[in-house]
Amino acid sequence: MTKKLFYFVIAAALICSASVFTSCTNDDNPVSEPDLGVAEKIIGKWMLAERDGEPALTNDKDVFTFLSATKANNSTSRVDYNETVPKWYAKEECDMTIDGNTVTLLSHSSNLDKVFTLNIKSIDDNNMSCNFKIVIMNDGKVRNTEEDTRIYRRVTADYSAAILGTWEGHVTSEQDTYGDGLLHRWEYKADGTYVYYIKDGDNWVPSANTLNEYFVVGNLLCSRWINAGTELREWWEIESIEDGVMKWKALRQKEDGTTFTSTFEMTKVN
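The sections below set out a description of the structure shown in this document. (Residues numbered from 1 in each chain as written. Predicted model: local features only at pLDDT ≥ 70, side-chain atom pairs only at ≥ 80, totals over all residues. Heavy atoms only, no water.)

If you tally the helices and strands in the chain, you get 2 helices and 18 strands. The proportion of buried residues among the 270 residues of the chain is 44%. Considering only contacts within the chain whose residues lie at least 6 apart along the sequence, 47% involve residues at least 24 apart. (Helix = DSSP H or I, 4+ residues; strand = E, 2+ residues; numbered from the N terminus. Buried < 20%, exposed > 50% of the residue type's maximum accessible area, 1.4 Å probe, protein only. Contact = heavy atoms within 4.5 Å.)

As defined by bridge partners, strand β1 (residues 44-51) adjoins strand β9 (residues 141-155) across 6 bridges and the pair is classed as antiparallel. For K45, the partnering residue across the bridge sits in β9 and is V155. Here strand β8 (residues 127-138) runs beside β9; their pairing, made up of 12 bridges, is antiparallel. Of the residues in β9, the one forming a bridge with M137 is V142. Connecting β8 to the antiparallel partner β9 that follows it, the hairpin turn spans 2 residues, and D139 within it adopts a positive phi of roughly 55°. (Pairing = 2+ DSSP bridges.)

Our next topic: the sheet that holds strand β11 (residues 184-188). Taken in spatial order, the 9 strands of this open sheet run β13-β12-β11-β10-β18-β17-β16-β15-β14, and their pairing is antiparallel. Of all the strands in the sheet, just β13 (203-206) and β14 (210-217) have a single pairing partner and so form its edges. This sheet shows a mean twist of 30° between the axes of neighbouring strands, independent of strand direction. Judged from the 6 bridges that link them, β14 and strand β15 (residues 220-227) form a sheet pairing that is antiparallel. Of the residues in β15, the one forming a bridge with Y214 is S223. (Axes fitted to C-alpha atoms, helices over the stretch in contact; angles between N-to-C directions.)

Right, let's talk about the pattern of salt bridges for a bit. Enumeration over the complete set of coordinates arrives at 13 salt bridges. With a closest N to O distance of 3.0 Å, R233 and E231 form a salt bridge. For E231, a relative accessible area of 24% puts it in the partly exposed group. Residues joined by salt bridges that share partners form a network here, namely R51, D60, D148 and R150. (Salt bridge = Lys/Arg side-chain N within 4 Å of Asp/Glu carboxyl O.)

Okay, the environment of L221 next. Tracing the backbone shows L221 in strand β15. For L221, a relative accessible area of 1% puts it in the buried group. Distance from L221 to I238, taken between C-alpha atoms, is 6.9 Å for residues 17 residues apart in sequence. Ignoring any residue separated from it by four or fewer positions in sequence, one finds L221 in contact with I163, Y188, Y214, F215, V216, E234, W235, W236, I238 and W248.

Below, the discussion takes up the environment of G229. You can see G229 is positioned in the loop between β15 and β16 (230-242). Distance from G229 to T210, taken between C-alpha atoms, is 8.9 Å for residues 19 residues apart in sequence.

A complete count under the given rule lists 14 aromatic pairs for this structure. Aromatic side chains Y188 and Y194 sit 5.9 Å apart centroid to centroid with 40° between the ring planes, which places their arrangement in the tilted category. One exposure class covers both Y188 and Y194, and it is buried. For the cation-ring pair, K114 lies above Y89, with the distance from its terminal atom to the ring centre recorded as 3.9 Å. (Phe/Tyr/Trp six-rings, centres within 6.5 Å; stacked < 30°, edge-to-face > 60°. Lys NZ or Arg CZ within 6 Å of the ring centre and 35° of its normal.)

Considered as a void within the structure, the largest pocket measures approximately 560 Å³ in volume. Along the wall of the largest pocket there are 22 residues; nearest its centre are R78, D80, K87, I136 and E146. For the lining of the largest pocket, the secondary-structure elements that each account for two or more residues are β4 (71-77), β7 (113-123), β8 and β9. Considering every element that reaches the lining of the largest pocket, the biggest residue donor is β9, with 4 residues. Of the residues belonging to the lining of the largest pocket, the class tally is 8 nonpolar, 4 polar and 10 charged. (1 Å grid on protein atoms, 1.4 Å probe; cavity = no way out; pocket = protein on both sides within 12 Å on 5 of 7 lines; lining within 4 Å. Points joined across faces, edges and corners; volume = space filled by probe spheres on them. Nonpolar A, V, L, I, M, F, W, Y, C, P; charged D, E, K, R; others polar.)

Here N219 is to be found in the loop between β14 and β15. Not counting chain neighbours up to four residues away, the residues in contact with N219 comprise M47, V155, A157, Y159, W236, E237 and I238.

Most often, soluble globular proteins have nonpolar side chains that are buried together. If you look at the biggest cluster of nonpolar residues, it comprises 25 residues, and the most contacted ones within it are F66, V103, L105, L118, I120 and M128. Mapped onto this core, the elements with two or more residues apiece are β1, β3 (62-66), β5 (88-99), β6 (102-108), β7 and β8. Among the elements that make up this core, the one with the highest residue count is β8 (5 residues). Aside from chain neighbours lying at most four places away, what touches L105 is F64, F66, A72, C94, D95, M96, K114, V115, F116 and L118. (Core = buried A, V, L, I, M, F, W, Y, C linked by side-chain atoms within 4.5 Å.)

Attention now moves to the pairing of β16. Judged from the 8 bridges that link them, β15 and β16 form a sheet pairing that is antiparallel. By the bridge assignment, I226 is partnered in β16 with E231. Hairpin remark: β15 followed by β16, antiparallel, with 2 residues in the connecting loop; positive phi at A228, about 55°. When β16 meets strand β17 (residues 245-253), the two strands line up antiparallel, connected through 5 bridges. Opposite E237, over in β17, you have K249 as the bridge partner. Hairpin connection from β16 to β17: 2 residues lie between these consecutive antiparallel strands, with D243 at a positive phi of about 50°.

Okay, here's the thing in structure tokens:
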């Protein structure tokens, strides 16, 4: 049995073992779900919007790009990471199957394998509601399982090319995670790296930060960098890039659990 087939078998077993994700029934009580036309409607980019009835924090968002009935990719970044589980995936390739209204995606890496299951409850041109499950395996053994209900929204914008170049600006909201109200400058490069500049007198000079990687999928911007030996990460949703002006927004959470919206605006430096 090939590795790919092995994980498809595991995925099928996982789906049928949890009633909330399954349409598996016995012969005496057959249950049929209406055909939602998932295979045709799901093609495209979808970003997480709500989890268990609550708006998803920007730092928790991910994007699925469904390329065909058999191929997709997932883009995500997380703060609960380590050297073994980096959780930095820009367009992680997935094999996919669609069985009625259930979509199963499998991703393989050198040390981890993930099974995503989306049992679609409704889908239209803009919104997709589903029961979601992810199973993370290490060497074929289940390492972690998460389940929730989710709403994904279709993303039609693609700012991966428009963001290239040098931008400077500042926070425009009262609250922000790293913002200090001062002017900041970034140079985004086509190879997925960026330069963060700091002001030295009247001159902008590259900061001492290292790593300095980013990716843009649709309108989700994920960045990471190392400052004084510590890796830091930040996510933004790009609201718009028009006429040399770029606007960001993000839903953040305080330590007390309350949330706030942070905004940032910058102009392109020629």
